[in-house]
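Listed below, chain by chain, are the residues.
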Number of protein chains: 2
Amino acid sequence: MYYIGIDIGGMSIKGGLVDEQGVIHVKEAVETKPERHYGEIAKDIAALCKRLAALGNVPLSDIKGIGMGIPGTINSEKGIITYANNINFSNVPIVEELKKYIDIPVKIGNDANCAALGETAFGSAKEYKNIVFITLGTGVGSGIIIDGKIFEGKDGAGAEAGHICLVLGGEPCTCGKKGCWEAYGSATALIRQTKRAAEKYPDSLLNKIIAEDGKVSGRTAFKAAKEGDEVGRRVVKRYMRYVAEGILSLVNIFRPDAVIVGGGVSNEGEYFIKSIQKFVTRYSYGGKINPYVKVIRAGLLNDAGILGAAALCL
Amino acid sequence: MYYIGIDIGGMSIKGGLVDEQGVIHVKEAVETKPERHYGEIAKDIAALCKRLAALGNVPLSDIKGIGMGIPGTINSEKGIITYANNINFSNVPIVEELKKYIDIPVKIGNDANCAALGETAFGSAKEYKNIVFITLGTGVGSGIIIDGKIFEGKDGAGAEAGHICLVLGGEPCTCGKKGCWEAYGSATALIRQTKRAAEKYPDSLLNKIIAEDGKVSGRTAFKAAKEGDEVGRRVVKRYMRYVAEGILSLVNIFRPDAVIVGGGVSNEGEYFIKSIQKFVTRYSYGGKINPYVKVIRAGLLNDAGILGAAALCL
């Protein structure tokens, strides 16, 4: 049996023909062109699905479902995209629309929720049924899996862990509030923290690295720290604390089997993950009386979007 | 059909014979004497249950279940009290023990979780299946109801929302970490905040009220604020912000139907609840795009412990 995973982004719509083991047999992408009416976009998605099936030599009747991961607030029950700012969608009945063009069951979900589900189906969390997944990128995304299923709150408006309070009244967040975890723990925040440190210490190695690279990225401070720069080391240490404190809040609330960390910053690897694990183990509520929560790096890298979306159909 | 609700505290064990409508027909209490072996305490609880049935003229065969609410970490699946510091219990198989003395099904739960369930069964949240319940007392307790059932995390170690981060690196918390919500939003924290303000402004009305009352309580600052004292008003305003920020974090994570607020401080009534509602409505993620979350005062007051425990058996 096969599934199709569709990963919708502002620039492109990626699709993959996926089997039950999470192997992607065929992969294709089309431009999103989000300025169009959603009907046109739905037509393109249907055509993409048919092309994937044809390229994979799989009859449509062997495709059990189409899963779509969308960056935004999703009412998965009603099949409606409530709001997705970077594809310009507001109250779009995408499932109904897609059914006009293709006769395969369609499921939709928020992209971070899909990624979380994908990790339990095909990634680092295969042995777990209760996980908290976070992704450190432009923002801090999160997906909660309880008893093997996505938890998304009323009308899909929950699981927005990037917007828990971390520093009351602190840095302004894109959501309109101050002090959100996202404003401290995202890659965007790390870049801001790196720039500030560089300005404050113009003679640091951090500054030299920035001059060489011609820009500041989420990797800059880690790079400086690895080369022994004290300024870079301090930025990294503080940033990891921000990430760890947010994860700890989620551990105390959900006490999951594991926390899965994805997104660009998680590529810093074992050093980063171990530091978070240490903090979580030391400070989680009840200490050793309560069950240990493992912190693990996400397993699905570039294909997380497609595989996570496909996992909606399992 | 009847149920028995047992509310175990450090000082006393309260029991009630409860019907399906949440009416308590008979109520009794015995001393806990927590220094004893748990076998002795279980015997007392069994005797209390039999006495409640006898006083209510209800045969034991008409009692469908015994529910027990316990302050601590509870493994409800295994029927074990993992840890409850104020009754000195650690890894106590209380359900198994109780079965030696009485032949009625027994369920156990953490007291805040029970209180949350009780609100959905008999209290302010009867029309809701997804709520976040918080209680502002010595600490900040919480109970999460998802789809009508208690969510408690692995081995019952979750739903500890009092220990989410509110002010990174802030006030020390009893859990060993700094900056927990509990260290800002509990009645204990409010008392500390009131004392500090009184010390800082010795000529304030707040100080006069403290002198008159002979002590500082969770009500002192509210009382001063109501009498027009600026110092008291500032303490209350800041405290309500602390409470509201923590609730907002939970709203962004769970997006429940409603948040139910209990505990001594919630007796400050409409003014308090309305202030939290305003903050939550204004700042919850996604604004008006996402479903409105109602903030409601807890409905079960003094009998919350018994009714919440009984609700475990429904």
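These lines cover the structure that appears in this document, whether it is placed above or below. Since the model is a prediction, treat every value here as computed from it, not as a measurement.

1. Details of the overall build of chain A
Move 1: Counting its secondary structure elements, chain A contains 10 helices and 13 strands.
Move 2: A compact globule built from 314 residues should have a C-alpha radius of gyration of about 20 Å, and chain A, at 20 Å, falls within 12% of that.
Move 3: Dimensions of chain A, computed from the C-alpha atoms along their principal axes, are close to 60 × 50 × 35 Å.
Move 4: Put simply, chain A has 314 residues, and 58% of those count as buried.
Move 5: Contacts spanning at least 24 positions in sequence make up 61% of the contacts within chain A whose residues lie at least 6 apart.
Move 6: Counting only carbon and sulfur atoms, one obtains 48% of the accessible surface of chain A, whose full area is about 13,300 Å².
Move 7: Separation of charge centres in chain A, based on 39 positive and 34 negative side chains, amounts to 6 Å.

2. Points about the packing of aromatic side chains
Geometry of an aromatic ring pair is reported as the spacing of the ring centres plus the angle between the planes.
Move 1: Using the criterion set out here, one finds 11 aromatic pairs over all chains in the structure.
Move 2: Residues Phe222 of chain B and Phe272 of chain B carry aromatic rings whose centres are separated by 5.9 Å and whose planes lie at 85° to one another, so their mutual orientation is edge-to-face. Here the residue Phe222 of chain B occupies a position in helix α7 (residues 220-226), and Phe272 of chain B occupies one in helix α9 (residues 270-283), the gap between them amounting to 50 residues.
Move 3: Judged by its relative accessible area of 1%, Phe222 of chain B falls in the buried class.
Move 4: Among the aromatic residues, ring-to-ring pairing joins Phe151 and Phe254 of chain A together with Phe151 and Phe254 of chain B into one connected group.

3. Points about the interface of chain A and chain B
Move 1: Each partner contributes to the interface: chain A provides 40 residues, whereas chain B provides 40 residues.
Move 2: For the pair chain A and chain B, the summed buried area comes to about 3,700 Å², and 66% of that belongs to carbon and sulfur atoms.
Move 3: Considering only the side of chain A, the residues that lose the most area to chain B are Leu168, Ile253 and Tyr285 of chain A, jointly responsible for 18% of the buried surface there.
Move 4: Summed over the shared surface of chain A and chain B, the number is 4 salt bridges.
Move 5: Of the charged contacts in the structure, one is a salt bridge between Glu245 of chain B and Lys177 of chain A, with a shortest N-O distance of 3.0 Å.
Move 6: A per-element tally of the side of chain A that touches chain B places helix α8 (residues 230-254) of chain A first, with 9 residues.
Move 7: In the side of chain A that touches chain B, the residues fall into 22 nonpolar, 10 polar and 8 charged.

4. Some thoughts on a positive patch on the surface
Move 1: On the surface, Lys129 and Lys149 of chain A together with Lys129 and Lys149 of chain B cluster together into a positively charged patch.
Move 2: For Lys129 of chain B, the position within the fold is in the loop between α3 (111-122) and β9 (131-136).
Move 3: By relative accessible area, Lys129 of chain B is classed as partly exposed at 49%.

5. Section: helix α6 (residues 205-213) of chain A
Residue and element names in this part refer to chain A.
Move 1: Along α6, the residues classified as buried are Leu206, Ile209 and Ile210. The arc enclosing the buried residues of α6, seen along the axis, measures out at 100°, which places them on a common side. Among the exposed residues of α6, those pointing more than 90 degrees away from its buried face are Ala211 and Glu212.
Move 2: Elements in contact with the buried residues of α6: α5 (187-200), α7 (220-226) and α8.
Move 3: In the stretch just after α6, Gly214 is the one whose phi turns positive, near 75°.

6. Some points on the pairing of strand β10 (residues 140-146) of chain B
Residues in a regular strand project their side chains so that they alternate between the two faces of the sheet.
All names here are of chain B.
Move 1: The element β10 is largely enclosed, with a buried count of 7 among its 7 residues.
Move 2: Residues Val140, Ser142, Ile144 and Ile146 point to one face of β10 and Gly141, Gly143 and Ile145 to the other, with burial holding for every one of them.
Move 3: Two strands pair when backbone bridges link them, and β9 and β10 are joined in this way by 6 bridges, in the antiparallel orientation. Looking across to β10, one finds that Phe133 is bridged to Gly143.
Move 4: Linkage of β9 to β10, two consecutive antiparallel strands, is achieved through a turn of 3 residues.
Move 5: As judged from the 3 bridges shared by β10 and strand β11 (residues 149-151), these two strands associate in the antiparallel manner. Pairing of Ile144 across the sheet is with Phe151, part of β11.

7. Observations concerning the packing of α5 of chain A against α8 of chain A
Residue and element names in this part refer to chain A.
Move 1: Where α5 contacts α8, the two axes come as close as 10 Å, and the packing angle between them is 150°. In terms of orientation, α5 and α8 fall into the roughly antiparallel class. Crossing angle aside, the handedness with which α5 passes α8 is right-handed. Within the contact between the two elements, α5 uses Ala187, Leu190, Gln193, Thr194 and Ala197 and α8 uses Val231, Val235, Arg238, Tyr239 and Tyr242.

8. Quick look at the sheet that holds strand β4 (residues 63-70) of chain B
Residues and elements named next belong to chain B.
Move 1: Spatially, the 5 strands line up as an open sheet ordered β3-β2-β1-β4-β8, and their pairing is mixed. Each having just a single partner strand, β3 (24-31) and β8 (106-110) make up the two edges of the open sheet. For this sheet, the mean inter-axis angle between neighbouring strands, taken without regard to orientation, is 20°.
Move 2: Bridge count for β4 against β8 is 5 bridges, and the pairing is parallel.

9. Re the relation of the copies chain A and chain B
Move 1: Of the transformation superimposing chain A on chain B, the axial component is 0.0 Å and the angular component is 180°, with the fit at an RMSD of 0.0 Å. One copy is carried onto the other by what is essentially a two-fold rotation axis. The position closest to the rotation axis in chain A is occupied by the C-alpha of Val167 of chain A, lying 2.3 Å away.
Move 2: Same-surface contact between copies: 100% of interface residues of chain A are shared with the interface of chain B.

Procedures and definitions
Sequence order as written defines residue numbering, which begins from 1 separately in each chain. Starting at A for chains and at 1 for ligands, labels are handed out in the order in which the entities are written. Owing to the predicted nature of the model, reporting of local features is limited to residues with pLDDT of at least 70; listing and counting of side-chain atom pairs is limited to 80 or more, with chain, interface and lining totals taken over all residues. Computation of side-chain values covers all heavy atoms of the structure but excludes hydrogens and water. Starting at the N terminus, helices and strands are each numbered in turn, a helix being any DSSP run of H or I of at least four residues and a strand any DSSP run of E of at least two. C-alpha atoms define the radius of gyration, and 2.2 Å times the number of residues to the power 0.38 defines the globule rule. Exposure classes here rest on a 1.4 Å probe applied to the protein chains alone. A residue is buried below 20% of its type maximum, exposed above 50%, and partly exposed in between. In this description, contact between two residues means that some pair of their heavy atoms is separated by no more than 4.5 Å. Only the protein chains shown count as covering a residue, and every accessible area follows the Shrake-Rupley method with a 1.4 Å probe. Lys and Arg are tallied as positive, Asp and Glu as negative. Neither His nor the chain termini are counted. Taken as the charge centre is NZ of Lys, CZ of Arg, CG of Asp or CD of Glu, depending on the residue. When two rings of Phe, Tyr or Trp (its six-membered ring) have centres within 6.5 Å they constitute a pair, described as stacked for plane angles under 30 degrees, edge-to-face for angles over 60, and tilted for the intermediate range. Put simply, buried area is the surface a 1.4 Å probe can reach on two separate parts but cannot reach once they are joined, added for both. When a carboxyl oxygen of Asp or Glu is within 4 Å of a side-chain nitrogen of Lys or Arg, the pair counts as a salt bridge. Charged means Asp, Glu, Lys or Arg here, nonpolar means Ala, Val, Leu, Ile, Met, Phe, Trp, Tyr, Cys or Pro, and polar covers whatever is left, Gly included. Residues enter a patch when their relative accessible area is above 30% and they make no salt bridge; the linking distance is 9 Å between like charges and 5 Å between nonpolar side chains (Val, Leu, Ile, Met, Phe, Trp, Tyr). It is the directions from the helix axis to the C-beta atoms that the arc portrays. Two strands qualify as a pair provided that DSSP identifies no fewer than 2 bridges between them. Where helices are involved, their axes are fitted lines through C-alpha atoms of the stretch in contact, as for all axes, and angles between N-to-C directions lie from 0 to 180°. If an angle is under 35 degrees, it is roughly parallel; if it is over 145, roughly antiparallel; if it lies from 65 to 115, roughly perpendicular; otherwise it is oblique. Working rule for handedness: look at the near helix, and if it is turned counterclockwise from the far one by less than a right angle, call the crossing left-handed; if clockwise, right-handed. Copy-to-copy alignment: least squares on C-alpha atoms, limited to residues at pLDDT 70 or above in both.

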